[in-house]
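What the coordinates show
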Amino acid sequence: MKPPRLADHLLTWFCAPHLREEVLGDLHERYALRVTRLGEAKARRRYWRDVLAYVRPSIIRRQPTQFSTPKTTTMLRNYLKIALRNIVKNKAYSAINIGGLAVGMAVAMLIGLWIYDELSYDKYHQNYNRVAKVMQRGIFEGVFGAGGYMPLPLANELRTDFADDFTYVVMSSWTREHILAFGDKKFTKQGNYLSPEAPDMFTLKMLRGTRAGLKDPASIMLSESVSQALFGSDDPMGKIVKIDNRLNVKVTGVYEDLPYNTEFRDMNFIAPWDLYVSSEEWVKRAQDNVEWNNNSWQILTQIAPNATFDAVNAKIKGLRVKHVPETAPYKAEVFLQPMSRWHLYTGWDKQGNVEGRIQYVWLFGIIGLFVLLLACINFMNLSTARSEKRAKEVGIRKAVGSVRAQLISQFFSESLMVVAFAFILSMLVVILVLPLFNEVADKQLGILWTNPMFWLSGIGFSLFTGIIAGSYPALYLSSFQPVKVLKGTFRVGRFASMPRKVLVVIQFTVSVTLIIGTILVFRQIQYAKNRPIGYDRNGLITITMNTPELHTHYNALREELLRTGAVIDMSTSSTPATDLNSQNGGFEWEGKDPNFKAQFGTIAVTHDFGKTVGWQFKEGRDFSRNFTTDSAALVMNETAAKYMGLKTGSPVGMIVKWNGKPMRVLGVIKDMVMGSPFEPVVQTVFMLDYNWAGVINIKLNPEQSAPESLAKIETVFRKFNPGSPFDFKFTDQQYALKFATEERIGKLASIFAMLAVFISCLGIFGLASFVAEQRTKEIGVRKVLGASVFSLWGLLSKDFVVLVTIAFGIATPLAYYFLSNWLHKYEYRTDISWWIFAVTGAGALGITLLTVSYQSIKAALINPVKSLRSE
Amino acid sequence: MRRSDLGEFEEVVLLAVAVLTPKAYSVVIAEELERETGQTVSTGAVHAALQRLEQKGYLSSVLGEATAERGGRRKRIFTITALGGRVLSEVQAVRVRFWDRIIPNIRLEWS
């Protein structure tokens with residue numbers, strides 16, 4: 001009949017000692033009363049309730065007059081006070097410690113935010129876990145290929161034959177620029193044509209209208225920002241908007257802009273898929289003729305709640321071969337790429353292994369950890385280096401009666417306080433540099449003020465850092481024997497500085513590896529930038545042909561533009577010179593191995609294309625208006641000529657049949673880099689076709705200033721094409737965009753590498769100052785005996801130089817290994833030349849000497865009278 | 001006199017102490033209150049009220065004898081101080097004055 005013991009324990013724990021007796025007594029007495037009155041079960045319940053009701057400040061508050069044990073707040077306050085005094089007393093040391101840690105933590109925090117953003121990509125969509133893109137893959141001549149270009153009838157088949165497996169099947173055009181006009185306001189905006197279920201699948205947040213807004217084929221849904229641009233603060237619902245100057249549609253909804261970290265962030269409007277089919281002749285044809293061979297669109301799906309990706313994949317994988325049997329030899333398969341993998345696992349290497357941005361997430365995660373590690377190492381090193389200075393203090397404290405636990409608490413509270421300051425400082429740093437970081441990283445990161453995970457990890461990680469960093473001094477210093485220390489015979493053993501040296505070597509290994517890596521990334525970018533591109537991109541601009549007027553008035557437009565003198569030449573092509581996204585099979589020629597399924601990149605151009613972009617002929621001639629037979633002719637690039645594998649060497653004059661249509665090869669041009677500058681050039685054929693035009697290419701007159709020329713061009717364009725805004729792109733800028741990812745990664749890596757070096761230098765700066773201080777007497781004696789300043793400088797610097805050299809020796813093979821792996825993924829790559837290592841090594845040594853020199857020269861210059869007179 | 005110093009619950013507790021003197025301690029007070037009001041009164045609430053009243057100087061306390069049910073622990077016995085007594089009687093006087101001013105026929109209309 002005893003009251004609950006656990007409750008008693010709880011009460012004893014939180015109740016102030018001076019109240020314990022009466023409170024417990026009261027409770028027990030009442031319990032006894034209640035047992036007789038209410039029975040045991042009820043009494044126990046009440047007992048618990050009473051105990052919990054005692055959790056209040058007046059019960060918990062301890063009496064100040066009571067003797068306090070070392071664990072109580074009184075002692076803690078004492079620890080913190082002493083810690084603060086120590087921090088203030090050794091200003092330089094604290095600045096190095098706090099500054100270094102803060103930088104390391106800030107880097108880790110930035111990287112953490114970056115990784116968080118990468119991992120939370122597309123999570124805006126509530127059906128994140130069930131949405132997938134339909135894709136197809138195959139093995140073509142031993143090379144794995146996968147893509148999201150899908151045939152139109154597949155969507156219908158998924159909808160009907162696999163109705164149980166899919167909640168939504170959505171046809172989608174590719175996000176591209178269209179002209180939206182309302183009254184005389186015209187904008188070029190990116191958007192998609194999508195099936196009516198799309199808003200449900202994307203779980204768009206509707207600001208006006210409902211998600212059912214695409215049911216009517218003459219409707220459009222706008223993002224908030226587009227609505228703002230077109231209508232300002234007016235109500236857009238029901239207003240008529242014109243797409244590409246020819247389709248009138250009614251606004252049936254406005255949705256919240258998709259966040260920056262989503263795949264569809266550029267989807268600024270959604271128009272109905274049916275409108276697309278009815279307005280685009282070639283799409284209608286594909287639908288009417290059930291063209292399984294025309295892979296031109298995307299299919300997005302959401303699988304049913306009871307379906308799994310694996311199960312659905314197993315069912316649908318044969319669909320491609322079923323409808324297009326000739327793809328069987330390529331092991332063609334249809335599969336679903338879940339939304340959760342869209343961003344981070346986008347790529348496949350030639351063997352079909354998954355790769356993608358996830359590598360960068362790992363890379364940066366590791367860099368972040370290392371930078372943080374470097375900062376912790378500094379902290380530990382400096383604390384242990386100071387151990388001799390504090391040895392006396394420890395001895396006296398122990399002699400006076402300190403227990404070891406108290407000393408440990410003291411040192412931990414010191415390190416935790418330093419970490420706390422560093423954490424606050426690092427938050428400030430992050431707040432300050434975040435805008436800059438966002439710009440470099442092309443992100444829109446913010447500090448996650450409201451995310452408990454952020455605070456938990458921040459605080460957890462500070463505690464961890466504080467304990468790890470403080471552990472060595474706390475455990476090591478507190479173990480000193482007071483007798484030895486105070487007798488003055490205390491000497492740190494021969495190997496005491498060994499761990500410190502190892503840590504310095506680790507620091508520099510990391511730093512040097514990072515530097516080598518960064519240099520190589522930039523070398524690789526520079527190498528690809530210097531690659532001969534086979535055409536002249538200076539003064540070349542492209543304009544999208546997105547209205548019917550441009551097609552009908554093309555010739556008149558061209559003539560008038562040439563007359564202005566602002567334009568040297570003008571032509572159209574199916575894609576800009578910076579873009580090659582169409583590949584076709586079905587090519588035959590004489591002497592071709594019948595088993596060789598040739599595939600060429602295909603581009604339609606007009607007569608003047610060559611002169612406009614300035615391609616260079618290796619042999620043969622350009623298209624010419626003088627030969628009417630040129631309408632069935634093609635020009636190919638060098639790679640294509642080689643790819644054909646002709647025994648005679650040159651294909652010029654040969655007939656190449658494409659889907660049965662014979663075309664004469666007019667000439668071979670030098671390779672033009674149209675795709676990725678890191679990849680080999682694709683075998684490409686250029687065909688004459690005025691109907692398959694996508695963009696207008698214009699070569700500006702170099703004699704005139706570009707703004708002047710553009711103004712003239714704009715006037716002419718306005719005349720022929722009044723319905724659309726005058727938007728153009730400079731080809732050299734478009735080309736530069738191809739390096740964006742690599743440059744971004746390179747810039748980030750270089751910033752982190754620099755900070756890593758900075759932290760490491762801070763560390764040896766601190767160490768050097770302690771070494772110099774330690775050896776003041778020795779230096780004094782040496783000076784008195786006639787040592788020169790230079791020899792003293794050498795004496796003090798030698799140790800560090802040795803350490804850095806060892807680090808360099810370790811870093812070199814490491815860096816070589818990782819970087820040759822990294823470079824391997826680029827077809828067009830620079831080599832890892834020896835001078836990178838030489839320069840980095842020399843740089844690291846130079847920086848080390850510079851850092852150490854300040855302290856060693858200061859020590860060497862000090863007047864020996866001063867240093868020897870003390871004590 | 002700072003009347004706001006005395007909460008309703010405190011007033012009842014103070015009264016209970018007055019009634020139970022010289023054997024007033026938290027358990028009997030709590031039990032007494034439970035009996036009088038018909039509601040459960042937690043030991044903690046009474047304890048807190050007693051602590052507050054003592055702080056205000058309306059009560060004084062000494063540690064009393066121990067009993068077996070208490071596991072041999074002593075109890076804190078409360079008595080009302082002169083100040084406490086005065087406050088109590090003033091409170092009562094205020095109430096009585098108000099009661100006296102209620103016109104009887106209005107009183108009938110309450111129910």
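Residues numbered from 1 in each chain as written. Chains lettered and ligands numbered in written order. Predicted model: local features only at pLDDT ≥ 70, side-chain atom pairs only at ≥ 80, totals over all residues. Heavy atoms only, no water.

Labelled according to an unreviewed UniProt entry, chain B appears under the name PadR family transcriptional regulator, originating from Spirosoma pollinicola.

Quick look at the overall build of chain B
How we decide: Runs of E in the DSSP output that reach at least two residues are strands. Runs of H or I that reach at least four are helices, and both are numbered from the N terminus. With the radius of gyration taken over C-alpha atoms, the globule rule is written as 2.2 Å times the number of residues to the power 0.38. Any two residues whose heavy atoms approach within 4.5 Å at even a single point are treated as in contact. Residue-level accessible areas treat just the shown protein chains as cover; the underlying method is Shrake-Rupley with a 1.4 Å probe. The charge count includes Lys and Arg as positive and Asp and Glu as negative, but it does not include His or the ends of the chains. Every charge is mapped onto a representative atom, which is NZ of Lys, CZ of Arg, CG of Asp or CD of Glu.
Looking only at helices and strands, chain B features five helices and two strands. Start at the N end of chain B and walk to the C end: the helices and strands fall as α-α-α-β-β-α-α. Here the C-alpha atoms of chain B give a radius of gyration of 16 Å, more than 25% beyond the 13 Å that 2.2 N^0.38 yields for 111 residues. For chain B, the spread of C-alpha atoms along the three principal axes comes to 55 × 30 × 20 Å. Within chain B, counting contacts between residues at least 6 apart in sequence, those at least 24 apart form 51% of the total. Of the accessible surface of chain B, which amounts to about 6,700 Å², a share of 55% is contributed by carbon and sulfur atoms. In chain B, 16 positive and 14 negative side-chain charges are present, and the distance between their average locations comes to 5 Å.

Overview of the overall build of chain A
Test applied: A 1.4 Å probe rolled over the protein chains alone gives each residue an accessible area, and that area as a share of the maximum for its type sets the label: buried under 20%, exposed over 50%, partly exposed in between.
Scanning chain A from terminus to terminus reveals 30 helices and 27 strands. Over its C-alpha atoms chain A spans a radius of gyration of 37 Å, topping by over 25% the 29 Å that the globule rule assigns to 871 residues. Dimensions of chain A, computed from C-alpha atoms along their principal axes, come out at roughly 105 × 95 × 55 Å. Relative to its full complement of 871 residues, chain A shows a buried share of 49%. With the model as given, the accessible surface of chain A reaches about 41,300 Å², and the carbon-plus-sulfur share is 59%.

Here we look at the pairing of strand β13 (residues 333-338) of chain A
Residues and elements named next belong to chain A. Convention followed: Strand pairing follows a simple DSSP-based rule, namely that at least 2 bridges must link the two strands.
In terms of burial, β13 is a largely internal element, five of the six residues being buried. The sheet contact formed by strand β1 (residues 131-140) and β13 spans six bridges and is antiparallel. Considered in β13, the bridge of R137 is made with E333.

What to know about empty space enclosed by the protein
Any space left empty among the atoms is revealed by the rolling of a water-sized probe across them. All names here are of chain A. Stated precisely, the cut-off is as follows: The definitions used throughout rest on a 1 Å grid laid over the protein atoms alone, on which a cavity is an enclosed set of points accommodating a 1.4 Å probe that cannot get out and a pocket is an open set flanked by protein within 12 Å on both sides along at least five of seven lines; lining residues are those having an atom within 4 Å of a point. Grid points are joined across faces, edges and corners, and a volume is the space filled by probe spheres set on the points.
Throughout the structure, instances matching the rule amount to five cavities of 30 Å³ or more. Empty space within the largest cavity amounts to approximately 210 Å³. Around the largest cavity, the lining is made up of 18 residues, and of these Y93, F379, S383, R390 and E414 lie nearest the centre. Elements that contribute at least two residues to the lining of the largest cavity include exactly α5 (73-89), α6 (91-119), α14 (358-385), α16 (404-441) and α17 (452-477).

Regarding the interface of chain B and chain A
Note the following rule: Summed over both partners, the accessible area lost on bringing two parts together, with a 1.4 Å probe, is the buried area. Here, a salt bridge means any side-chain nitrogen of Lys or Arg that lies within 4 Å of a carboxyl oxygen of Asp or Glu. Ten residues, namely Ala, Val, Leu, Ile, Met, Phe, Trp, Tyr, Cys and Pro, are considered nonpolar, four, namely Asp, Glu, Lys and Arg, are considered charged, and the remaining ones, Gly among them, are considered polar.
Taken residue by residue, the interface counts 20 residues in chain B and 23 residues in chain A. Summed over both partners, the interface of chain B with chain A buries about 2,000 Å², with 43% contributed by carbon and sulfur atoms. Of all residues in chain B, the largest losses of buried area upon contact with chain A belong to B:T43, B:H47 and B:R73, amounting jointly to 27% of the total for that side. Along the contact surface separating chain B from chain A lie nine salt bridges. Put simply, A:R37 and B:E34 hold a salt bridge, and the shortest N to O gap is 3.3 Å. Every element with two or more residues in the side of chain B that touches chain A is listed here: α2 (26-37), α3 (43-56) and β2 (74-80) of chain B. Sorting elements by how many residues they give to the side of chain B that touches chain A places α3(B) first, with six residues. Here the side of chain B that touches chain A is built from residues that sort into six nonpolar, seven polar and seven charged.

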